[in-house]
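Residue-level structure breakdown
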Amino acid sequence: MAPAQQHLPPPILSVLDTTLVRPSGAALPESSLPLTFFDVLWLTSPPVERVFFYRLAADADVATILSNLKASLSQALHAYYPLAGHLRLKHGTADRYELHYHPGDGVTFTVAEYSNEGADFDELATDEPKKVAKIAPLAPTLPEGGVVLALQATVLRGGLAIGMAVHHAACDGASSTRFLHAWSAASTAANGPPPPVTDRALVHDPRSRLYDFFVKAMPTDDQMERVKLSDDQLFATFTLSKEDIQRVKDVVAAEAARRGAAPPRCSSLVVTFGFIWSCYQRAKDNAGSNSGERRTYLCFPVDHRSRMKPPVPDEYLGNCVGAAMHAAPEDQLAAAGADGLFVACTVVAAAIEEAVGSVRSPETIESWIERFKEAAVAGTGMLTVAGSPRFRVYEVDLGFGRPAKVDIVSVARTGAMAVAEGRSSGGGGMEVGISLRAAGMQRHVVALHVGVALVRCYSKNLVRLFLEADDVLKPLGIMADTVRPEYNDLEVLFHIGQVHACFSSSSSQLALVVGSNSSFLAMASRRRRGLLEQPEVVLVRLQFLLALGLVVDLVVAYNGEPAAVWQCGLLEKPAAVAGS
C-alpha cells in the first residue's frame with residue numbers, strides 16, 4: 001500500500017539500530033477505521049516527509065536522548081495508536097479501505113549516523129540552497145505492507161535530525177503535527193493537546209456517495225505526477241518577515257487604488273502564496289514570452305473541519321482538507337512590479353473564497369476532480385503547497401530545545417512549495433521551502449530577491465521606480481526609466497552593501513558588484529546628488545545575480561563611455577582598470 005519512493009544515492013549514512021516502538025500502557029484492542037472520501041483521495045500519493053534539525057550541546061548524552069525519545073514516542077502512540085497500524089483493503093470488499101490496528105503493531109524507529117565524510121549540522125540546517133541528496137536520507141522510508149508512519153533519528157556533527165514519513169491517506173497535516181505536539185509534550189512532561197477523535201462518522205457522507213465517486217476517480221500510481229530528481233536538485237528556504245508581508249499588502253492596496261479596483265482580501269497567507277507564486281512564474285524559462293492565452297494554476301489545502309455540517313472537531317484524526325485552486329494568465333502573473341503581485345494575490349484570495357464554499361453540497365465537492373483534470377489538460381503546470389503556518393512546527397520540543405530548522409523534504413519529489421511559520425522571535429513571518437534544479441533555483445532566488453527589493457524599500461519614490469519599469473520584471477534584470485532626481489534610485493542598493501568594481505572592456509560597461517554589508521550607504525548618499533544632476537546618466541538595468549550569495553550588478557552607461565563614470569566621482573577607479 002505504501003507508494004513507491006524514489007531514492008537518490010545517499011551520502012554515507014550508517015544505520016545503527018531499528019526498533020519497533022509500540023503504544024505504552026494497557027493493551028489496546030484490535031480496531032479498524034474506515035477511510036472517508038477525504039482519505040481515499042490520497043491513497044496513491046507519496047508520503048509526506050519532514051526533517052527537524054535540533055542543535056545539541058557538545059557534551060550532550062546522545063544515548064540517553066535517543067532512549068528518552070523512544071519512551072516518549074511510546075507514550076504518545078497510546079492515544080494515537082491508529083498511526084501504528086496499516087492501510088488495507090477491508091476483507092470481502094473490492095474498494096473499501098481501512099486503517100487497521102492489531103495488538104502488537106508499532107512504529108519503526110531508526111537510529112542512524114552521518115559519517116565523518118558527511119555534512120555537518122550547519123550545512124544541513126541552513127536556509128541556503130543545499131543538495132537534496134544530502135537531506136533526503138534523513139527522512140525514513142515507509143516499510144511495505146501499508147505502514148502509515150515511520151521515524152528516524154540521525155546523529156549529526158553538532159546536532160540531531162528527526163525525520164518523519166507519514167502516509168497522507170492516514171491523516172492530514174493538522175493531524176500529523178498534532179501527534180508531533182503530543183510527542184513533544186510526552187518528551188518534556190508538559191500538558192499535551194487533547195486526545196485525538198477517531199470517529200469517522202463525523203465526516204458526513206450519506207450512502208457513501210462521495211467515497212464511491214472519489215475511489216473511482218483515484219489515480220493509479222503510474223498516473224501520479226512526480227518530479228524526477230536529478231543530481232543537482234536543490235532545496236532552499238526563503239523567509240518573508242512580518243514587515244515584508246505588510247509591505248506587500250501595501251503595494252497590492254496601492255495598485256488596486258491605481259486601477260480603481262477593490263483590493264483583494266490580503267491575509268498573511270494570501271500575501272505569501274501570491275508573492276511566491278508570482279516570483280516562481282517570473283523565474284520560469286518562458287516568463288513573459290507567451291501571448292497571454294496560457295493559464296497556470298496554484299493549488300493549496302484548506303482545512304474544512306469547522307466548515308462541515310455539523311462541524312468536525314479540531315482533534316479529528318484523519319483527513320479533512322479540500323483543495324483551493326485557481327488559475328491566472330502566465331504573462332499577467334509574471335508582470336513587472338506591482339502588476340504581478342496584484343494579480344497573484346487577487347487570484348489566491350478568490351481561490352480561498354471559492355474553497356470555503358466548496359463543501360456546501362456533494363456536487364461542489366465532486367467538482368474538485370474536474371478542476372484537477374482541467375489543470376492537467378492545460379499542461380501549463382500547477383504549483384502546489386505543503387504545510388501551514390498553523391501547524392507550529394517550530395514549537396516541537398522533544399526534550400532538548402526547539403528545532404533550529406524544519407524542512408518538508410518530500411516537496412523535492414512532488415514539486416510543491418513547503419510553508420511554515422517564521423522562526424523570528426517577533427513572530428508574524430512566513431517561511432517557504434522550494435526545491436528546484438540548480439539553474440531553476442538560481443532564477444527563483446533571483447526573482448525572490450528582486451521581489452523583496454521591490455517591497456523592502458526605503459521610500460515611496462523607490463517603489464515608483466520599480467512599478468513604472470517599462471519591461472517585464474525578469475530574473476535577469478529590470479528595465480527602468482531614465483533616472484529622475486525625485487526617484488532617489490540609489491536607495492535600492494543601501495541594504496545590499498560593500499562595493500567591488502570591475503570593468504568589462506568587451507561590453508563597454510561598468511559593473512558594480514555589490515556584496516553583503518552596508519558600507520555603500522554613506523558613499524552613495526554623499527554622491528547621489530552629483531550623479532543625478534548629470535542628465536546623460538541613465539540607469540540601464542539592475543541585474544540581480546546569484547554568485548556565492550546574492551550580488552547586484554548595476555550597469556551604468558555615461559555618454560556611452562564607461563570611463564566617464566570615474567570622472568563624475570561616483571567611485572574611485574580600481575587598480576584593475578587604472579590604465580584604462
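See the structure above.
Note that the structure is a prediction, hence the values are computed from the model and not measured.

What follows covers the side chain of Glu366. One can find Glu366 in helix H11 (residues 362-378). Looking at Glu366, the relative accessible area reads 15%, which means it is buried.

For the coordinates displayed, the defined rule picks out 12 aromatic pairs. When the centroid spacing of 5.5 Å and the interplanar angle of 65 degrees are considered together, the rings of Tyr80 and Phe179 count as edge-to-face. Pair noted here: Tyr80 is in the loop between helix H2 (62-79) and strand E4 (86-89) and Phe179 is in helix H5 (residues 173-188), with a separation of 99 residues, a long-range link. Grouping residues by exposure puts Tyr80 and Phe179 together as buried. Aromatic side chains Tyr81 and Tyr101 sit 5.4 Å apart centroid to centroid with 70 degrees between the ring planes, which places their arrangement in the edge-to-face category. Of this pair, Tyr81 sits in the loop between H2 and E4 while Tyr101 sits in strand E5 (residues 97-101), and the two are 20 residues apart along the sequence. For the pair Tyr81 and Tyr101, one class covers both residues: buried.

Membership of the largest hydrophobic core comes to 91 residues, with the highest contact counts inside it found for Phe53, Leu69, Leu160, Phe179 and Trp183. When near neighbours in sequence (up to four residues on either side) are disregarded, Leu69 contacts Phe109, Leu160, Ile162, Trp183, Leu398 and Phe400.

Going through the model one piece at a time under the given rule, you end up with 29 salt bridges. In this structure, Asp339 engages Arg258 in a salt bridge whose closest nitrogen and oxygen atoms are separated by 3.6 Å. Taken together, the residues span a long stretch of sequence, with Asp339 in helix H10 (residues 337-356) and Arg258 in helix H7 (residues 242-259) at a distance of 81 residues. Using a relative accessible area of 59% as the deciding quantity, one classes Arg258 as exposed.

Attention now moves to the sheet that holds strand E9 (residues 159-166). Strand order across the open sheet formed by 6 strands is E1-E6-E8-E9-E3-E14, with mixed pairing between neighbours. Edge strands, defined here as strands with exactly one partner in the open sheet, are strand E1 (13-21) and strand E14 (405-408). On average, each strand axis in the sheet is tilted by 15 degrees relative to the strand beside it, whichever way the strands run. Alignment of strand E6 (residues 107-114) against strand E8 (residues 149-156), held across 6 bridges, turns out to be parallel. Across the sheet, the residue bridging to Val111 is Ala153, located in E8.

What counts as what
Residues numbered from 1 in each chain as written. Predicted model: local features only at pLDDT ≥ 70, side-chain atom pairs only at ≥ 80, totals over all residues. Heavy atoms only, no water. Helix = DSSP H or I, 4+ residues; strand = E, 2+ residues; numbered from the N terminus. Buried < 20%, exposed > 50% of the residue type's maximum accessible area, 1.4 Å probe, protein only. Phe/Tyr/Trp six-rings, centres within 6.5 Å; stacked < 30°, edge-to-face > 60°. Core = buried A, V, L, I, M, F, W, Y, C linked by side-chain atoms within 4.5 Å. Contact = heavy atoms within 4.5 Å. Salt bridge = Lys/Arg side-chain N within 4 Å of Asp/Glu carboxyl O. Pairing = 2+ DSSP bridges. Axes fitted to C-alpha atoms, helices over the stretch in contact; angles between N-to-C directions.

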